[in-house]
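# Inside the fold
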Amino acid sequence: MVIHESLKGALKLKAVLLDTCVLGTIRNNIKNPDVQDFLKLLDELKCTLTINDLIKAEFFRDANSHTELLERNNFIKALCQQFSLPFDQSIYRSAMILSYIYVRHKHKGVELIDLMTSALLEKYANNQRLILVTTNHKDYPLTVHDRIGAVVLDLGKDLSTLGFYTINTNKWAEEASELRDSEEWQPPARSNIPEPPKLFG
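Right, let's walk through the structure included here.

Rules of the game
Residues numbered from 1 in each chain as written. Predicted model: local features only at pLDDT ≥ 70, side-chain atom pairs only at ≥ 80, totals over all residues. Heavy atoms only, no water. Helix = DSSP H or I, 4+ residues; strand = E, 2+ residues; numbered from the N terminus. Contact = heavy atoms within 4.5 Å. Expected span 1.5 Å × (residues − 1). Buried < 20%, exposed > 50% of the residue type's maximum accessible area, 1.4 Å probe, protein only. Arc of directions from axis to C-beta. Polar contact = N/O pair within 3.5 Å; in protein donor to acceptor, adjacent residues only side chain to side chain.

### Quick notes on the environment of L120
Summarising the element assignment, L120 is placed in helix α7 (residues 112–123). Residues L120 and F87, 33 residues apart in the sequence, show an inter-C-alpha distance of 7.5 Å. Those residues in contact with L120, other than ones at most four positions away along the chain, are L17, N52, L85, P86, F87, I91 and L130.

### Section: helix α8 (residues 169–181)
Counted at 1.5 Å a residue, the expected span for α8 with its 13 residues is 18 Å, and the 18 Å between its end C-alpha atoms agrees. Burial in α8 covers these residues: W172, E175, A176 and L179. Across the axial projection of α8, the buried residues extend over an arc of 100°, all falling on one side. Turned more than 90 degrees from where α8 packs its buried face, N170 and D181 sit exposed. Here the buried face of α8 lies against α6 (89–104), α7 and β6 (159–167). Between a side-chain oxygen at the N-terminus of α8 and the backbone nitrogen of N170 the separation is 3.0 Å; the capping residue is N168.

Spelled out as structure tokens, the structure:
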């Protein structure tokens, strides 16, 4: 496993949000040398490993028995120092704005859980306090994200590329402003049709 010094510096003392796919990769390859080296590195960099409530639910949903559900729960408790980051109303609002930004750019197939995760990154964007690690790169397009580095894990029969993502607040603000000012998102003329909740301002 090779990791650039710049990525090490970016990760040091940060909270690292583990996507569901990464949880699965770690759990299914826990004895793999590259996986062990990756976890050791995060520990040496004093990263705080965390998840959010939707990632936790997605990780739990395909357990095939109560025993496996308990095993997965214990796995997360052992791995993550902060068990779950909560959502609030501002994150739901940001996720909706992001979904409309993606529509304008024709980014298709991004699930609600990924929109919510990006909105969570946006909330903690100051000083890049929260960094996402995922293997599902298409779900975090560079329209509003920055990919600050990548690590390839040799899993024996396969290679897994971990991407590390943050929100670029300048990109986000510019895209949200363009969306707000676009003709499609101007309030309609007064009519008997109820207006949807306001997204901007």
